[in-house]
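Breakdown of the fold
Spelled out from the first residue to the last, the chains are:
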Amino acid sequence: KLKQTYDQPFFMAIGFNTPHLPLFTPPEIYNRFPLDSVQLPVTLPDDLEDLPPMGRKFTRYFDTTPMNHRDITRQGLWHKAVASYLACVSFTDDCIGTVMDALENSEYRDNTIIVLWSDHGFHVGEKMHWEKRSLWEESTRVPLIFVVPGMEASLQCNKPVGLIDVFPTLAELCSLPAIEQFEGQSLVPLLKNPDLEWETPVITTHHPGNHSVRSERWRYIRYTNGDEELYDHQNDPNEFFNLAPNPAYAEVKSMLAAWLPQSCAPYAPRLPRQKYTQDFDWTTP
């Protein structure tokens, strides 16, 4: 596609299946991560003890699937699982490199905007959890990289932003009119100045009524039944200690709760049950 000539601006959406289950890669990629060099994530044995009932229930979703912490650790497969995930990430990096080489060798290298992102994060045993389907940092944090012709490269921004912001950002970069229904906001100011004051936190929703609010310092989770979690990323980047029950943080919770959605979109029709999926009530403990 990049070797072809176009007389109009074009858009390309390129997706990669990995990293995703099953965590399979070519052997030469997997061999980049010898098991004796793999580092497991830092965990606390009693990490789940301070979770409210709904928080504990979210960790139980995978208990009846092959990707559950109890069986992975009991079978001695934790190092292999982490190595396999790292290999999938590395393989995807190689694939992205192939695309970037094609762009670099094309006539579009100097006038193409690139955005790289992932759909969700991935637990590999943090908080005794695997894959996604949580409102914690490991599930909700993703890579987000913009390459914009004429803008300085290699800048790093630590402000919390959301994937909902990608569309408005591209609209502004391409000098397209904003759409009134945008709920996200353009990130062009941050692309120009990564240290800009940025007050808007990020909202992540997992099934109606379950939300997390992530500011630069805090993550506040409120489940649909009212259960709460609060983590201070300045002092607790692993989200080990739930501060929500502590009255000293009532003001912080109130400040973050003000950003919670006031309504939820209607729930999409249920897909037919598939292998390794099960009916799960995300609304009650």
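Residues numbered from 1 in each chain as written. Predicted model: local features only at pLDDT ≥ 70, side-chain atom pairs only at ≥ 80, totals over all residues. Heavy atoms only, no water.

Attention now goes to the nonpolar core. Ranked by internal contacts, the top residues of the largest apolar core, which has 13 residues, are V124 and W130. Of the residues forming this core, the biggest block, 6 residues, is contributed by helix α4 (residues 78-104). The contact partners of V124, leaving out residues within four places of it in the chain, are P41, W78, V82, Y85, H129 and W130. (Core = buried A, V, L, I, M, F, W, Y, C linked by side-chain atoms within 4.5 Å. Buried < 20%, exposed > 50% of the residue type's maximum accessible area, 1.4 Å probe, protein only. Helix = DSSP H or I, 4+ residues; strand = E, 2+ residues; numbered from the N terminus. Contact = heavy atoms within 4.5 Å.)

Taken as a whole and assessed by the stated rule, the structure comprises 12 salt bridges. Across the pair D71 and R70 runs a salt bridge whose closest N-O atoms are separated by 3.5 Å. The partner of D110 in a salt bridge is R109, with the nearest N and O atoms 3.4 Å apart. Overall, D110 belongs to the exposed group, its relative accessible area being 58%. Looking at R109, the relative accessible area reads 43%, which means it is partly exposed. When salt bridges with common partners are traced through the structure, they connect E137, R214, R219 and E239 into a single cluster. (Salt bridge = Lys/Arg side-chain N within 4 Å of Asp/Glu carboxyl O.)

The bulk of non-glycine residues show a negative phi, and the bulk of peptide bonds are trans. Look at the link from T18 to P19: it is a cis peptide, with omega at 0 degrees. Here P19 is to be found in the segment before α1 (27-30). Of note in the backbone geometry, K127 takes a positive phi value of approximately 55 degrees without being a glycine. With respect to the element layout, K127 can be found in the loop between β2 (123-124) and β3 (130-131). Residue K127 is classed as buried on the basis of its relative accessible area, which comes to 3%. You will see that M128, though not glycine, has its phi angle at about 55 degrees, which is positive. Here M128 lies in the loop between β2 and β3.

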